[in-house]
Amino acid sequence: MPKSSKPVYRIGSGAGFAGDRVDPAVALAASGQVDAVALECLAERTLVPAIKARADNPNAGFDTRLRRRLTPLLPAAAKTNCKIISNLGAANPVAAGQAIAELAKDLGVSGLRIAAVEGDDVMALANHVKWTKPLTGRLIGAHAYLGCVPMAEALEAGADVVVTGRVADSALFAAPVRQFLNQDPSALAGALTVGHLLECGGQLTGGNYDTLGGPMPGNPLSAADFANLAYPLAHVYADGSADITVLDGVPAILDALTCTLQLLYEVHDPFRYITPDLTLDFSGIRFEQIGPQRIRMTGAKTSGPPSTLKVAGFMELPGFIADCEIGFAGTGAYERAQRAADTLRLRLSDWSDEQLSIDLVGVNSVLRAGSLKMAAPAEVRVHVSAKCKDAEMAQVIEDEIYTLTLSGPAGGCSVRSERRNRIEILDGFIEPSLVKTNIRWSHS
């Protein structure tokens, strides 16, 4: 049934990961159809280099794409009074806030109030974290997942731009909505659910979507559609329900199925999806198609806030990961690649399965034993990944790969070799009262 009340807030999804496109956020901000754009730009894999960069330079450690991303976005958002919320701050949100203020001045965008939310870095509290497994290496970083409250407080205090570090992705979207919701906890649960739906950008609107050979509902997206894919926006009501849609005329597939798939994305237990703000229950969520590319979401519930905050710890282990490939192409490529892989297994037979992985890219590198026997590929790459305690062990792996070009099956070519530090991510939990947040202001 149509709702009698009007939406209380309009929030758009401007990015779903660190390297996401820039233009969808600009289009949303410039449209005048959203009150805020939230950009989810941080993951564990992007936080690690940020931690290292900050260790080398106290003014670094935020997303290196910040300037490229915000140069077109800041002017567009300023013209429509659109708020910007993002975790572009990575390991150094305060420096990110200062960089945004300087960029705004360079662009001639004056009068912006930029709030940097700090407090997710709990390295100093590492001894208070209950880690899920022992620390067997050097801890280089520990970041708690913050909720929406400090970002919401910054917006309520007049921030035009809020930049954070490690927060729950859904909190980015719930933060600007929070002050407009009614006091029923299910309303915030709804806003957080909206955030979970919007946090991956184009994945909600037809990206990363296929029926795997079956008939595509509606019109399938073409390459041109994917190149210009609409990112979603939500009209949120005071009770936390929402109408999810896209800008008019922009290609998308937005229906109950794409929404359901995103709802369950990275969710282990739909009855207990834990966020820093609330533990969400998705079992009552309903998606109703109320128009072209327009879905009404209702039914979010919560069992209350969690007792702890999750912490992502980053542990550096001795040695390296050696990651190498060699290609085979043409007639008999698969058979030659398989012989090359078997040769490597014999040459490296003193390595344990825990230390060494050898697979064929395009054949069994993803599904391993579950791979189906397909038609023989015209090109195959033998891939080796090895945990090496030191540089000498890594050199052994690289040398064995290169040796195949002279002393292995015919046609080995296009060798790729890299080494990277061994960084292991481990989970922990901390008492929320120990995590203190703060807002640092900058102005353009």
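Residues numbered from 1 in each chain as written. Predicted model: local features only at pLDDT ≥ 70, side-chain atom pairs only at ≥ 80, totals over all residues. Heavy atoms only, no water.

**Q** Describe the side chain of D255, naming the residues involved and giving the relevant values.
**A** By secondary structure assignment, the location of D255 is in the loop between β9 (242–245) and α9 (256–263). R294 is the oppositely charged side chain nearest to the buried, salt-bridge-free D255, at an N-O distance of 15 Å. In terms of polar contacts, D255 uses its side chain to reach the backbone amide nitrogen of L257, at 3.0 Å. (Helix = DSSP H or I, 4+ residues; strand = E, 2+ residues; numbered from the N terminus. Buried < 20%, exposed > 50% of the residue type's maximum accessible area, 1.4 Å probe, protein only. Lys, Arg positive; Asp, Glu negative; His and termini not counted. Salt bridge = Lys/Arg side-chain N within 4 Å of Asp/Glu carboxyl O. Polar contact = N/O pair within 3.5 Å; in protein donor to acceptor, adjacent residues only side chain to side chain.)

**Q** How would you sum up the pairing of strand β1 (residues 9–15)? Please name residues and give values.
**A** Taken across its seven residues, β1 has six buried, putting it largely inside the fold. In terms of strand pairing, β1 meets strand β8 (residues 233–236) through four bridges, oriented antiparallel. Counted as the bridge partner of G12 is L233 from β8. As paired elements, β1 and strand β2 (residues 36–39) share four bridges and run parallel to each other. Of the residues in β2, the one forming a bridge with G12 is V37. (Pairing = 2+ DSSP bridges.)

**Q** Can you tell me about α9, naming the residues and giving the values?
**A** Among all positions of α9, only T258, C259, Q262 and L263 are buried. End-on view of α9: buried residues confined to an arc of 140°, all on one side of the axis. Looking at the buried side of α9, the elements it contacts are α7 (185–198), β12 (286–291) and β13 (294–298). You can read the cap of α9 off the contacts: a side-chain oxygen lies 3.0 Å from the backbone nitrogen of L257, and it is on D255. (Arc of directions from axis to C-beta. Contact = heavy atoms within 4.5 Å.)

**Q** Give a description of the environment of S414 that names residues and reports values.
**A** With respect to the helices and strands, S414 occurs in strand β18 (residues 413–430). Residue classification places S414 among the partly exposed residues on the basis of a relative accessible area of 49%. Along the sequence, S414 and F328 sit 86 residues apart, while their C-alpha atoms lie 8.4 Å from each other.

**Q** Help me get a handle on the layout of surface pockets, residues and values and all.
**A** As a volume, the largest pocket reaches approximately 1100 Å³. Residue lining of the largest pocket: 42 residues in total, with Y145, D169, E199, E266 and Y273 positioned closest to the centre. A total of three residues in the lining of the largest pocket trace back to one element, the largest contributor, which is helix α2 (residues 44–56). Among the residues forming the lining of the largest pocket, the class breakdown is 17 nonpolar, 13 polar and twelve charged. (1 Å grid on protein atoms, 1.4 Å probe; cavity = no way out; pocket = protein on both sides within 12 Å on 5 of 7 lines; lining within 4 Å. Points joined across faces, edges and corners; volume = space filled by probe spheres on them. Nonpolar A, V, L, I, M, F, W, Y, C, P; charged D, E, K, R; others polar.)

**Q** How would you summarise the sheet that holds β9 if you had to cite specific residues and measurements?
**A** Either a parallel or an antiparallel arrangement is found when strands of a sheet pair, and the pairing is made through backbone hydrogen bonds. Spatially, β12-β13-β9-β8-β1-β2-β3-β7-β4-β19 is the arrangement adopted by the ten strands of the open sheet, whose pairing is mixed. Bordering the open sheet on either side are β12 and β19 (438–443), each of which pairs with just one other strand. Going across the sheet, the axis of each strand differs from the next one's by a mean of 20°, ignoring polarity. Pairing of β8 with β9, which is carried by four bridges, proceeds in the antiparallel orientation. What sits directly across from A234, in β9, is I244. Together, β4 (113–118), β7 (161–163) and β19 form the strand contacts of helix α4 (residues 93–107), whose direction differs from that of β4 by roughly 165°. (Axes fitted to C-alpha atoms, helices over the stretch in contact; angles between N-to-C directions.)

**Q** Describe the side chain of H235, naming the residues involved and giving the relevant values.
**A** Note that H235 resides in strand β8. Taking relative accessible area as the criterion, H235 reaches 17% and is therefore assigned buried. At 3.4 Å, the side chain of H235 and the side chain of R294 are in polar contact. If we skip the residues at most four places from it in the chain, H235 touches P7, Y9, R10, Q33, S241, A242, D243 and R294.

**Q** Residues and numbers for unusual backbone geometry, please.
**A** In the Ramachandran plot, A90 falls in the positive-phi region, its phi being about 50° despite a non-glycine side chain. Examined against the element boundaries, A90 turns out to sit in the loop between β3 (83–86) and α4. Look at A90 and you get buried, because its relative accessible area is 3%. A positive phi angle is found at N208, which is not glycine, with a value near 55°. Within the secondary structure, N208 sits in the loop between α7 and α8 (223–227).

**Q** How would you summarise empty space enclosed by the protein if you had to cite specific residues and measurements?
**A** Using the criterion set out here, one finds one cavity of 30 Å³ or more in the structure. Lining of the largest cavity is provided by L70, I84, S86, L88, I100, V161, V162 and V163. Where the lining of the largest cavity is concerned, the elements lending two or more residues are β3 and β7. Top element by residues in the lining of the largest cavity is β7. It accounts for three residues. Here the lining of the largest cavity is composed, by residue class, of seven nonpolar, one polar and no charged.

**Q** Tell me about the nonpolar core, and please be specific about residues and values.
**A** By size, the foremost hydrophobic cluster in this structure holds 67 residues, and its most contacted members are I11, M151, V162 and L198. Sort the elements by how many residues they give to this core and α7 lands first, with eight residues. Beyond its immediate chain neighbours, meaning those up to four positions away, V162 contacts I84, I85, S86, A115, V117, M151, A154 and L155. One finds A77, A96, I114 and A116 within the second-largest nonpolar core, a separate group that totals 36 residues. (Core = buried A, V, L, I, M, F, W, Y, C linked by side-chain atoms within 4.5 Å.)

**Q** Give a description of the pattern of salt bridges that names residues and reports values.
**A** With the rule as written, the count across this model stands at 24 salt bridges. In this structure, D35 and R10 form a salt bridge, with 3.2 Å as the shortest nitrogen-oxygen distance. Taken as a pair, D35 in the loop between α1 (23–31) and β2 and R10 in strand β1 lie far apart in primary sequence, 25 residues in all. Among the residues examined, D35 registers a relative accessible area of 24% and is labelled partly exposed. A residue is classified by how much of its surface remains accessible, and R10, at 26% relative accessible area, is partly exposed. Members of the salt-bridge network, linked through shared partners, are D323, E325, R381, R416, E418 and R420.

**Q** Let's hear about the packing of aromatic side chains: which residues, and what values?
**A** In the structure shown here, the tally under the stated rule is two aromatic pairs. When the ring centre of W441 is taken as reference, the NZ or CZ atom of R113 above it lies at 4.2 Å. (Phe/Tyr/Trp six-rings, centres within 6.5 Å; stacked < 30°, edge-to-face > 60°. Lys NZ or Arg CZ within 6 Å of the ring centre and 35° of its normal.)

By themselves, these figures tell us nothing about what the structure is for.
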